[in-house]
Amino acid sequence: MSATIANKPQKWGSPFAYFVALLFIGVCVAPVLYIVIGGFRTNSQISTGPAALPDPWVVGNYIAVLKSVTFWGEFANSVVVALASTVGTVVLGLMVSFVLARYDFRFKGAMYSLFAAGLMFPMVIAITPLYIVIKDLGLVDNLLGVIVPQIAFGLPTTVIILVPFLRAIPKEIEEAAAIDGSSRLGFFFRMVVPLSRPGVVTVGILGFIGSWNNYVLPLYVLNSQANFTLPLGVQAFSSQYSVDTAKVLAFTSLAMLPAMAFFAIFEKKIVGGLTGAVKG
Amino acid sequence: MRFEIAVLSGPAILMFLAFVIFPVALAAFYGFYRWHGYGAPTDWVGLNNYKLILTDPAFQQVLWHTGLILVLSLVIQGPLAVGLALLLNQKIRGRSVIRILIFVPYVISEVIVGTAWSLMLQTNGAVNDLLGHVGLGFLKADWLSDPKLALWTLMGIISWKYIGFAVILMLAGLQSIPDELSEAAQIDGASYWQIQRRITLPLLGPTIRIWAFLSIIGSLQLFDLVYIIWGPYVAGTAGTSTMAIYMVAQGRNAGNYGYGSAIAVVMFLISLVVALIYQRFVLRRDLQGAVTEGAS
């Protein structure tokens, strides 16, 4: 193989690259397909041939889940929690990143280090005392009890990604804005917010997916089924209907669709943002 | 100007202090007590919880598992991700579709990944059935409950879930390397492998080092997947328990909140020390101390 490589480097391995790419995609996607297709089978089909294709295809499991109040309630909770957490993280994160990137003051370094160190505090380490704080605020079994801590825990990543973006805005633009009579806050809203959009979109998407998939915090904070988010719902459903595998698979596939659709739409922006952050 | 700084940074700082820093400090405080979670902690035991951790065989075991998961994650995913990224960085059709598809496992939540894999890996599940059908029936196994296998099963699931993120990160890194360098080397007669080894890999260094950092921190704090698939009690006997699982098993499930908090503090200290050492000696060239020395 290495002989052909040396002879014609620009044409190297095209078929080989396709082969490996297909293999890799197969490994990544097959389990997901198994979940989705599994939802179209009956339980007896699953127990007689766990790896076979549905024969016949049945849609009853999916229809049952789509008709269930539980699923849509949990879906709505997830949407509320993810949207509120994302907006909160982005707005607060953008404000503080602007200060860290473009103002000079005494505790700037310490402040940045504090947020950066936050990357080392995963939620699971702080979960017991965090639960106590949430309980003291009377937010147990309340969606706010998930949203507010999620915003706080989302800030470190947001700050780390946004500060390089905001610092890259040329000083001249700011000076020009000042000459035109714009205040620094005016500059913030008119120039900084639009110019940092790629970074904002990236942290927004990361925040949304992170919140959509969060498990530990809802596990501690939410205890009535009416307040469950989808990850809790999936777990509750799979233990409640543990004998009804086909239905569990249908529920699981419907629960993962939104995050995947969301990601497919924004894929380019995520990768772009990550590049910026890594180079920063 | 001070007013602007206060208005813009105040809310974020308050939130961060109240819901991140304060709970972590509170964990450190509870770690000095024998406390079962109700009422204010009164039974001060000083460093006893920490002494207990040092001699607790169960903790040594979860520490060993965590360390193994950390090393195996780096060794399995790193070379694989670099190789795949090099391959996918060529001009092949459908690159953006490929990128979306390999990111799918990363986007799905740990709960769904865990639920799906535990169904597929059951003794009479899809994986064993498939092995039988393709003539590899002798490979059928108790993937989840055999203590000799369970940790490797976990590593398989971890690699499947997180490799896409590593590849995407490496691809992003590769795209920032100018084509002119390898074109020039090509003209000078360098082979494909020489170009990758002498030019591409060194320039990909910063990306690899940042990925490794994220992977290390993630491994030290692994919780969701193990908790969903095995649960805190089974994870102990199957040999997949991690520090975070043991912490929750002691705290929330057994009611030893003081001991659980001490474990949380130890976890945090280990993460912090590893992160600081890594930054001091590995990331120094890439970040110019961004995380430790502040923005300037």
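Let me begin by describing the structure that accompanies this report. All residue numbers refer to positions counted from 1 along the written sequence of the respective chain. Here every chain gets a letter starting at A, and every ligand a number starting at 1, in the order they are written. Residue-level local features of this predicted model are given only where pLDDT is at least 70; pairs of side-chain atoms are given and counted only at 80 or more, and the full residue set underlies all totals for whole chains, interfaces and linings. Side-chain metrics rest on all non-hydrogen atoms present in the structure, leaving aside hydrogens and water.

What about the overall build of chain A?
For clarity, the cut-off: Strands here mean DSSP runs of E at least two residues long; helices mean DSSP runs of H or I at least four residues long; both are numbered from the N terminus. The globule rule used for comparison is 2.2 Å times the number of residues to the exponent 0.38, while the radius of gyration itself is calculated over C-alpha atoms. Exposed residues in this analysis have more than 50% of their type's maximum accessible area, buried residues have under 20%, and partly exposed residues fall in between, with area computed by a 1.4 Å probe over protein chains only. Throughout, a contact is declared for two residues whenever any of their heavy atoms are within 4.5 Å. Values of accessible area rely on a 1.4 Å probe in the Shrake-Rupley scheme; residue burial ignores everything except the protein chains shown. Positive charges come from Lys and Arg alone, negative charges from Asp and Glu alone, with His and the N- and C-terminal ends not counted. The atoms used to mark charge sites are NZ of Lys, CZ of Arg, CG of Asp and CD of Glu.
Counting its regular elements, chain A contains 14 helices and zero strands. The order of helices and strands in chain A, counted from the N terminus, is α-α-α-α-α-α-α-α-α-α-α-α-α-α. The globule rule puts the C-alpha radius of gyration for 280 residues at 19 Å, and the 24 Å found for chain A is more than 25% above it. Principal axes of the C-alpha set define a box for chain A whose edges measure 75 × 70 × 35 Å. Within the span of chain A, comprising 280 residues, buried residues form 55% of the whole. Taking the intrachain contacts of chain A between residues at least 6 apart in sequence as the baseline, contacts between residues at least 24 apart amount to 71%. A total accessible area of about 12000 Å² is found for chain A, and carbon and sulfur atoms account for 68% of it. Computing the positive centroid from 17 side-chain charges and the negative centroid from 11, chain A places the two 7 Å apart.

Describing the environment of Phe59 of chain B
Residues and elements named next belong to chain B. Within the secondary structure, Phe59 is located in helix H3 (residues 57-88). Once the C-alpha coordinates of Phe59 and Phe281 are considered, the two residues, 222 residues apart in sequence, prove to be 28 Å apart. Sequence-distant contacts of Phe59, defined by excluding residues within four places in its chain, comprise Ile53, Met243, Tyr246, Ile263 and Val266.

Things to note about the packing of helix H9 (residues 171-179) of chain A against helix H10 (residues 184-195) of chain A
Residue and element names in this part refer to chain A. Short version of the rule: Note on geometry: axes are C-alpha line fits, over the in-contact stretch for helices, and angles between N-to-C directions span 0 to 180 degrees. Should an angle fall under 35 degrees it is taken as roughly parallel, and over 145 as roughly antiparallel, whereas 65 to 115 is taken as roughly perpendicular and any remaining angle as oblique. In a left-handed crossing the near helix is turned counterclockwise from the far helix by less than a right angle, and in a right-handed crossing that turn is clockwise.
Contact geometry for H9 and H10: axes closest at 10 Å, N-to-C directions at 140 degrees. On the basis of their axis angle, the class for H9 and H10 is oblique. Between H9 and H10 lies a crossing of right-handed hand. Facing Ile173, Glu174 and Ala177 of H9, the residues of H10 in contact are Arg184, Phe187, Met191 and Leu195.

What to know about a nonpolar patch on the surface
Here is the rule: Each patch groups residues whose relative accessible area exceeds 30% and which form no salt bridge, using 9 Å between like charges and 5 Å between nonpolar side chains of Val, Leu, Ile, Met, Phe, Trp and Tyr. We count a salt bridge whenever a side-chain nitrogen from Lys or Arg sits within 4 Å of a carboxyl oxygen from Asp or Glu.
Among the surface-exposed residues, Leu130, Val134, Leu136, Phe138 and Leu139 of chain B lie close enough to one another that they form a single nonpolar patch of about 490 Å² accessible area. Assignment of secondary structure puts Leu136 of chain B in the loop between helix H7 (126-133) and helix H8 (150-175).

Let's talk about the side chain of Ser261 of chain B
Mapped onto the fold, Ser261 of chain B is located in helix H14 (residues 257-287). Aside from chain neighbours lying at most four places away, what touches Ser261 of chain B is Ala27, Tyr30 and Gly31 of chain B.

A word on the nonpolar core
Within soluble globular proteins, side chains that are nonpolar tend to cluster in buried spots. Put simply, the rule is: Within this scheme, the nonpolar core is defined by two criteria: the residues are buried Ala, Val, Leu, Ile, Met, Phe, Trp, Tyr or Cys, and they are joined through side-chain atoms within 4.5 Å.
Judged by nonpolar contacts, the single largest core of 192 residues is most densely connected at Phe115 of chain A together with Ile102, Val167 and Trp230 of chain B. The element best represented in this core is H8 of chain B, accounting for 16 residues.

Looking at the interface of chain B and chain A
What counts is decided by this rule: Summed over both partners, buried area is the accessible surface (1.4 Å probe) that two parts give up on being assembled. Polar contacts here mean pairs of N or O atoms no more than 3.5 Å apart (in protein, one a potential hydrogen donor and the other a potential acceptor; neighbouring residues in sequence count only if both atoms are side-chain atoms).
The interface is formed by 90 residues belonging to chain B together with 91 residues belonging to chain A. For the pair chain B and chain A, the summed buried area comes to about 8300 Å², and 82% of that belongs to carbon and sulfur atoms. The interface formed by chain B and chain A includes zero salt bridges. For the pair chain B and chain A, the interface holds three residue pairs in polar contact (both at pLDDT 80 or more). At 21 residues, helix H1 (residues 2-30) of chain B tops the list of elements feeding residues into the side of chain B that touches chain A.

Observations regarding the packing of aromatic side chains
Defined as follows: Ring pairs shown here join Phe, Tyr and Trp side chains whose ring centres sit within 6.5 Å, with only the six-membered ring taken for Trp; geometry is labelled stacked below 30 degrees between planes, edge-to-face above 60, and tilted in between. Charge-over-ring contacts are defined here by two conditions on Lys NZ or Arg CZ: a distance within 6 Å of the ring centre and an angle within 35 degrees of the ring normal.
This model, assessed by the stated rule, comprises 25 aromatic pairs over all chains. Ring centres of Phe208 of chain A and Phe262 of chain A lie 4.3 Å apart, and the angle between their planes is 25 degrees; this geometry places the pair in the stacked category. Highlighted residues: Phe208 of chain A in helix H11 (residues 197-213) and Phe262 of chain A in helix H14 (residues 245-279), separated in sequence by 54 residues. Each ring, one from Phe223 of chain B and one from Tyr227 of chain B, has its centre 4.9 Å from the other, and the planes form 25 degrees; the classification is stacked. There is no split in this pair, since Phe223 of chain B and Tyr227 of chain B are both buried. An aromatic cluster is present here, built from Phe71, Trp72, Phe75, Phe208, Trp212, Phe237, Tyr241, Phe251 and Phe262 of chain A joined pairwise through their rings. We note Arg280 of chain B situated over the ring of Phe281 of chain B; from NZ or CZ to the ring centre the distance is 5.6 Å.

A closer look at the packing of helix H8 (residues 144-167) of chain A against H11 of chain A
Residues and elements named next belong to chain A. Going by this rule: Note on residue categories: nonpolar means Ala, Val, Leu, Ile, Met, Phe, Trp, Tyr, Cys or Pro, charged means Asp, Glu, Lys or Arg, and polar means any other residue, Gly included.
Look at H8 against H11: their axes get within 10 Å of each other, and the N-to-C directions meet at 155 degrees. In terms of axis orientation, H8 runs roughly antiparallel to H11. Taken as a pair, H8 and H11 cross one another with a handedness that is right-handed. Within the contact between the two elements, H8 uses Gln150, Thr158, Ile161, Leu162 and Phe165 and H11 uses Pro198, Gly199, Val200, Val203, Leu206 and Ser211. Across the contact of H8 with H11, the residue classes tally to seven nonpolar, four polar and no charged.

A few points about unusual backbone geometry
Located in the positive-phi region is Asp141 of chain A, a residue other than glycine, with phi close to 60 degrees. The residue Asp141 of chain A is located in the loop between helix H7 (123-136) and H8 in this model.

With respect to the pattern of salt bridges
Here the structure, examined in full by the defined rule, presents one salt bridge over all chains. Put simply, Lys108 of chain A and Asp104 of chain A hold a salt bridge, and the shortest N to O gap is 3.5 Å.

Some points on H8 of chain A
Residues and elements named next belong to chain A. Threshold: What a helix should span is 1.5 Å times the count of its residues minus one. The angle between axes fitted to the seven residues ending at a residue and the seven residues starting there is what we call the bend at that residue.
The terminal C-alpha atoms of H8, which comprises 24 residues, lie 33 Å apart, in line with the 34 Å expected from a rise of 1.5 Å per residue. Considering bend angle alone, the principal kink of H8 is centred on Leu155 and spans about 35 degrees; proline Pro156 follows within four residues of it. Along H8, 19 of the 24 residues are buried, which leaves the element largely enclosed by surrounding structure.

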